[in-house]
Amino acid sequence: DAGITQSPRHKVTETGTPVTLRCHQTENHRYMYWYRQDPGHGLRLIHYSYGVKDTDKGEVSDGYSVSRSKTEDFLLTLESATSSQTSVYFCAISVGTLQETQYFGPGTRLLVL
Amino acid sequence: SQQGEEDPQALSIQEGENATMNCSYKTSINNLQWYRQNSGRGLVHLILIRSNEREKHSGRLRVTLDTSKKSSSLLITASRAADTASYFCAAALSSGSARQLTFGSGTQLTVLP
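What you see is a predicted model, and the numbers here were worked out from it, not measured in a lab. (Residues numbered from 1 in each chain as written. Chains lettered and ligands numbered in written order. Predicted model: local features only at pLDDT ≥ 70, side-chain atom pairs only at ≥ 80, totals over all residues. Heavy atoms only, no water.)

Visitor: I'd like a rundown of the overall build of chain B, residues and numbers included.
Guide: The helix and strand tally for chain B stands at zero helices and 11 strands. N-terminal to C-terminal, the α/β element order of chain B is β-β-β-β-β-β-β-β-β-β-β. A globule of 113 residues ought to have a C-alpha radius of gyration of about 13 Å, and chain B, at 13 Å, matches this closely. Along the first, second and third principal axes, the C-alpha set of chain B runs to 45 × 30 × 20 Å. A sequence separation of at least 24 residues applies to 57% of the contacts in chain B between residues at least 6 apart. When the accessible area of chain B is evaluated, it comes to approximately 5,200 Å², of which 45% is carbon and sulfur surface. Between the averaged position of the 12 positive side-chain charges in chain B and that of its 9 negative side-chain charges there is a distance of 8 Å. (Helix = DSSP H or I, 4+ residues; strand = E, 2+ residues; numbered from the N terminus. Rg over C-alpha atoms; globule rule 2.2 N^0.38 Å. Contact = heavy atoms within 4.5 Å. Areas by Shrake-Rupley, 256 points an atom, 1.4 Å probe, with all protein chains shown as cover. Lys, Arg positive; Asp, Glu negative; His and termini not counted. Charge placed at Lys NZ, Arg CZ, Asp CG, Glu CD.)

Below, the structure written as C-alpha cells:
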C-alpha cells in the first residue's frame, strides 16, 4: 500500500504569517497533488507535481506555492496566510498501473486567525 | 469551475435500502471515478469507469455512465450503517492530464440502523 503522511495534522496561525505544509510518500510515485476542501466546494486542486522540480498550477493556485526537491516530499507554502485559506488540505498521489486513481493522505486542518 | 456535480447533496436511508447518487459533468472525459470520505479522513477510491464503458460492478457498488448525457450514477445496494460517508465523483478530463481529476461537491449519505 502507498503510504502518505502529512505534517502538521493541525495548525493555527495568524494572518500574514508564512505556513508550510509537508506531504511525504514512502514510495517513488511520480505524481503528487495538493487539494483544499471547503464546505460546498468538494476538493479543489491547488498545485500538482509530475516529477522532481516539475510542478504546475491547479484551479485555485493564487496565494500558494509548491516545491518538490525530492521524489518523496511535496511542500505547499502559503507565503502570507489569509483567513480565506482556512481549510482542510489534502495531499494525494497517483497510483495504479496507469496512474489513474489517487490515494489520499489524512489531511491537515489549517485555521488562519 | 467544478466538472462534477453530485445530486442529491444529502441522502438519508434505512439500513438494507439501496442508495443512488448521481453526478453530472460538463466536458469530455477519459474516465469517471467515485471516492468515499469518512468524517475527518482522506478520500478513498471506490471504482473507475472509462468513457467507453456503460456499467461497472464492484461488490455492492454499481456505477453507470451515460456520456451522451454527461452523467454517472453510483448505486450502493443493501446499505449498511458503515456506508455512512460522503461520496464524491471525480472526472478525468479528456482535455487535461490523464492523471488530473476534477472533483464534485459530494453527496453526504447517512444510513440509519
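Visitor: So what about the overall build of chain A? Which residues, and what values?
Guide: A count of helices and strands for chain A gives zero helices and 11 strands. The N-to-C order of helical and strand elements in chain A reads β-β-β-β-β-β-β-β-β-β-β. Its C-alpha atoms give chain A a radius of gyration of 13 Å, within 12% of the compact-globule value 13 Å for 113 residues. Principal-axis analysis of the C-alpha atoms gives chain A an extent of 40 × 30 × 25 Å. Residue pairs at least 24 apart in sequence account for 54% of intrachain contacts in chain A once pairs closer than 6 positions are excluded. Carbon and sulfur atoms make up 50% of the accessible area of chain A, which amounts to about 5,300 Å² in all. If you average the places of the 11 positive and of the 12 negative side-chain charges in chain A, the two averages end up 4 Å apart.

Visitor: Pulling in residues and values, what's your account of the state of the cysteines?
Guide: Here a disulfide denotes one covalent bond, and it connects the sulfur atoms of two cysteines. Residues and elements named next belong to chain B. Applying the stated criterion across every chain, the model contains two disulfides over all chains. The disulfide that involves Cys23 links it to Cys89, with 2.1 Å between the sulfurs. The disulfide joining Cys23 to Cys89 has a torsion of about 70° about its S-S bond and is therefore right-handed. Taken as a pair, Cys23 in strand E3 (residues 19-24) and Cys89 in strand E9 (residues 85-93) lie far apart in primary sequence, 66 residues in all. (Disulfide = S-S within 2.5 Å.)

Visitor: Let's hear about the sheet that holds strand E7 (residues 64-70) of chain A: which residues, and what values?
Guide: All names here are of chain A. Taken in spatial order, the four strands make up an open sheet running E1-E3-E8-E7, and their pairing is antiparallel. For this open sheet the edge positions go to strand E1 (4-7) and E7, each flanked by a neighbour on one side alone. Taken pair by pair, the neighbouring strands of this sheet meet at an average axis angle of 20°, ignoring direction. The sheet contact formed by strand E3 (residues 19-25) and strand E8 (residues 73-78) spans six bridges and is antiparallel. Bridge pairing in E8 links Arg22 to Leu75. (Pairing = 2+ DSSP bridges. Axes fitted to C-alpha atoms, helices over the stretch in contact; angles between N-to-C directions.)

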